[in-house]
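Residues per chain, in single letters:
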Amino acid sequence: MKFVALFSLVVLLFTNGVAVESKDSLDWKTDYEKALKAAKKSNKNVLVYFTGSDWCTPCIQLKKDLFETRDFAEVSKNYVLLYVDYPRNRDLLTADEFEKNKKLISKYNKKGVFPLLVALSPKEKVLDEYSGYSMNGEVQYHLEFLKRNK
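Predicted model only: the values in this text are computed from it and were never measured.

Novice: Hey, could you go over helix α2 (residues 32-42) for me, with residue numbers and the actual values?
Specialist: All buried positions along α2 are accounted for by Tyr32, Ala35, Leu36 and Ala39. An end-on view of α2 places all buried positions within 100° of arc, on one side of the element. Exposed positions of α2 whose direction lies more than 90 degrees from the buried face are Glu33, Lys34, Lys37 and Lys41. Contacts made by the buried residues of α2 are with β1 (28-29), β2 (45-51), β3 (79-85), α5 (95-108) and β4 (116-120). Backbone geometry just downstream of α2 places Asn43 in the positive-phi region, at approximately 55°.

In structure tokens form, the structure reads like this:
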């Protein structure tokens, strides 16, 4: 029985797009100024991810279907990652973090769309954005967006 479980795990690990990364294992920044500083230093664009981590069902599913995959881990190396959360449970963020995220939303997510990916240049110019997720497991358009804006 242990052999079957181990074999199944090995097969899953070698499957393309398997969940291998998480918000915690990737270098997601939560401070806009630090992300910009890192982008300028590395000459990389910033990928801003607007999410409602505790209420937005498409955001939660996109985390599993895209951000926790080997494909995302690979393409994300071309970006400085910025995680902008807007939870309903305010205890998930400090008051300062919540206010900073609220300002970022008013600047870069004026329509209040979640999930939203925004590609910014190190000089804070919006290069492109991609909103929504249909929760069908198809993340090819998200990956194309990422490859196009690196």
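Novice: Lay out the nonpolar core with the relevant residues and their values.
Specialist: Grouped together as the largest cluster of nonpolar side chains are 39 residues, with contacts concentrated most on Phe50 and Phe72. Within the residue set of this core, elements represented by two or more residues are α2, β2, α3 (57-67), α4 (70-75), β3, α5, β4 and α6 (140-148). Among the elements that line this core, the one with the most residues is β3, at six residues. What Phe72 contacts, discounting residues up to four positions off in sequence, is Leu26, Trp28, Leu47, Leu66, Phe67, Leu81, Leu143 and Leu146.

Novice: Explain the packing of aromatic side chains to me, and be specific about the residues and the numbers.
Specialist: Taken as a whole and assessed by the stated rule, the structure comprises twelve aromatic pairs. A ring pair is formed by Tyr130 and Phe145, whose centres lie 6.2 Å apart and whose planes are at 40°; its orientation type is tilted. Taken together, the positions of Tyr130 in strand β5 (residues 126-131) and Phe145 in helix α6 put the pair 15 residues apart, joining distant regions of the chain. Among the residues examined, Phe145 registers a relative accessible area of 0% and is labelled buried. Taken together, Trp28, Tyr49, Phe67, Phe72 and Tyr83 form an aromatic cluster joined through their ring pairs.

Parameters and conventions
Residues numbered from 1 in each chain as written. Predicted model: local features only at pLDDT ≥ 70, side-chain atom pairs only at ≥ 80, totals over all residues. Heavy atoms only, no water. Buried < 20%, exposed > 50% of the residue type's maximum accessible area, 1.4 Å probe, protein only. Helix = DSSP H or I, 4+ residues; strand = E, 2+ residues; numbered from the N terminus. Arc of directions from axis to C-beta. Contact = heavy atoms within 4.5 Å. Core = buried A, V, L, I, M, F, W, Y, C linked by side-chain atoms within 4.5 Å. Phe/Tyr/Trp six-rings, centres within 6.5 Å; stacked < 30°, edge-to-face > 60°.

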